[in-house]
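Listed here are the chains, written in short residue letters.
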Amino acid sequence: MSQKIVAVQSDDDYFFVEAHYPSVTANTVDSCFYDFVSDVIHLTSDLGTSDYLWDTVLHEYGHYVADIYNITDFWAANHGPTQHQTDTFGKLVGPLLSWSEGWADYYSVVSQQMYAPYQLIDSASNPTNIADYKYKSRNIESDNTYLYGESNEWVIARVLYDMDDNGTSESWDNISYGGKGLFEKMQEAVPFLSILDTLSDFMDSLYDNESDDFGPLLSYYYIAENPTLPINNTTATYFAPRFEWDAGGGDPSVTTI
Ligand SMILES: [Zn+2]
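Scoring rules and cut-offs
- Residues numbered from 1 in each chain as written.
- Predicted model: local features only at pLDDT ≥ 70, side-chain atom pairs only at ≥ 80, totals over all residues.
- Core = buried A, V, L, I, M, F, W, Y, C linked by C-beta atoms within 7 Å.
- Buried ≥ 20, exposed ≤ 12 C-beta atoms within 10 Å, placed from the backbone.
- Helix = DSSP H or I, 4+ residues; strand = E, 2+ residues; numbered from the N terminus.
- Contact = placed C-beta atoms within 7 Å.
- Axes fitted to C-alpha atoms, helices over the stretch in contact; angles between N-to-C directions.
- Parallel < 35°, antiparallel > 145°, perpendicular 65-115°, else oblique.
- Nonpolar A, V, L, I, M, F, W, Y, C, P; charged D, E, K, R; others polar.
- Expected span 1.5 Å × (residues − 1).
- Pairing = 2+ DSSP bridges.
- pLDDT = per-residue confidence, 0-100.

**Digging into the nonpolar core**
Of all hydrophobic cores here, the largest spans 49 residues; its most connected members are Trp103, Tyr106, Ile156, Ala157, Val159, Leu160 and Tyr221. Of all elements in the fold, only β2 (33-35), α3 (53-69), α4 (85-119), α5 (153-164), α6 (178-189), α7 (199-209) and α8 (215-220) reach the threshold of two or more residues within this core. It is α4 that contributes the most residues to this core, nine residues altogether. Beyond its immediate stretch of four places on either side in the chain, Leu160 contacts Gly102, Trp103, Tyr106 and Leu182.

And the structure:
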């Protein structure tokens, strides 16, 4: 399934990845992960009975795709969508980790959306939970918890999802690249012989190459501030202008942070 989506997005052939299940290594650290040195996915023995089975497998496959195309770097760490990762890991690692994990979260969700109806049972206890918009019970379109800006993997996943989807009903989402279009733009953003490290690096590339208005999207997710003064389209005076902004940015209807 995830192999199919990478083929659709990249026009490349399917990719096969080695996976160890149950993995002695993963069980020892009690965590599923992708080893980017040996290109192996490690899965814990209890994953088979978990509601998160496919969410996790496809998340790890997303890391493999990122590795092949250099669209994220990697950092070994216990992490989750509720974390402010710069608070936890510092400025150097936090945004890099969020970018890497947010991509994998996004990849897991869109893989399930695109192909799950044909072959996937997302949850052992809830077989109807198929092809939904959820990752670990979070609706990627509406779960506004933990909006920690660029330092939160759930925010990264949601930004990528909004850039992918046709968000005509969302005032903050004017971007609709589709999965293939977004993947191409991410590849374009990869520096020569290097790796795309953070959302900021990706945005730099988009601002260089696209004329789209990314302000509402970045502000909605507390990544960009929301300018309030001078008021838009006001007349300039000879007084030196005063600048003010809401540090958090974001849509006023979003109260959870
Ligand atoms: Zn991960």
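What follows picks up the thread again.
**Observations regarding the environment of Glu210**
Among the secondary structure elements, Glu210 is positioned in the loop between α7 and α8. The exposed category is assigned to Glu210, around which 12 C-beta atoms lie within 10 Å. Between the C-alpha atoms of Glu210 and Lys185, which are 25 residues apart in sequence, the distance is 9.6 Å.

**As for the packing of α5 against α6**
Between α5 and α6, the shortest axis-to-axis distance is 8 Å and the interhelical angle comes to 120 degrees. The orientation of α5 with respect to α6, classified from their angle, is oblique. Contacts between α5 and α6 involve Leu160, Met163 and Asp164 from the first element and Gly178, Gly179 and Leu182 from the second. Among the residues making up the contact of α5 with α6, the classes are represented as three nonpolar, two polar and one charged.

**Quick look at α3**
A rise of 1.5 Å per residue sets the reference length of α3, with its 17 residues, at 24 Å; its end C-alpha atoms lie 25 Å apart and thus fit the reference within 8%. Most of α3 is tucked away: 14 of the 17 residues are buried. At the exit of α3 stands Asn70, carrying a positive phi of roughly 60 degrees.

**Describing the sheet that holds strand β1 (residues 18-20)**
With mixed pairing, the three strands of this open sheet are ordered in space as β1-β3-β2. Unpaired on one side and paired on the other, β1 and β2 mark the two borders of the sheet. Going from strand to strand, the sheet's axes swing by 25 degrees on average, the running direction of each strand aside. Note: β1 against strand β3 (residues 40-42), three bridges, orientation parallel. Paired with His20 across the strands is His42, a residue of β3. Packing against the sheet, α3 makes contact with β2 and β3, and its axis sits at approximately 25 degrees to β2.

**Some points on α5**
Here α5 contains 12 residues, and its C-alpha end-to-end distance of 16 Å stays within 8% of the 16 Å for a straight helix at 1.5 Å per residue. Within α5, 12 of the 12 residues are buried, which leaves the element mostly enclosed by the surrounding structure. Burial in α5 covers these residues: Glu153, Trp154, Val155, Ile156, Ala157, Arg158, Val159, Leu160, Tyr161, Asp162, Met163 and Asp164.

**Quick notes on the packing of α6 against α7**
Where α6 meets α7, the axes come as close as 9 Å, and the angle between the chain directions of the two elements is 100 degrees. Overall, the two elements α6 and α7 adopt an arrangement that is roughly perpendicular. Facing Lys185, Met186, Glu188 and Ala189 of α6, the residues of α7 in contact are Asp201, Phe202, Ser205, Leu206 and Asn209. Among the residues making up the contact of α6 with α7, the classes are represented as four nonpolar, two polar and three charged.

**Description of unusual backbone geometry**
Between Tyr21 and Pro22 the backbone carries a cis peptide bond, its omega angle lying at -10 degrees. Structurally, Pro22 is set in the loop between β1 and α2 (24-29). For Asp30, which is not glycine, the phi torsion reads 55 degrees and is therefore positive. Here Asp30 shows up in the loop between α2 and β2. Notably, Leu193 is not glycine yet its phi reads approximately 55 degrees, a positive angle. One can find Leu193 in the loop between α6 and α7.

**Description of the confidence of the model for the protein**
Within the protein, residue pLDDT values average 83, and 83% of them lie at 70 or more. Confidence over residues 118-131 falls short of pLDDT 50; this stretch has 26 contacts with residues more than four positions distant or in other chains.

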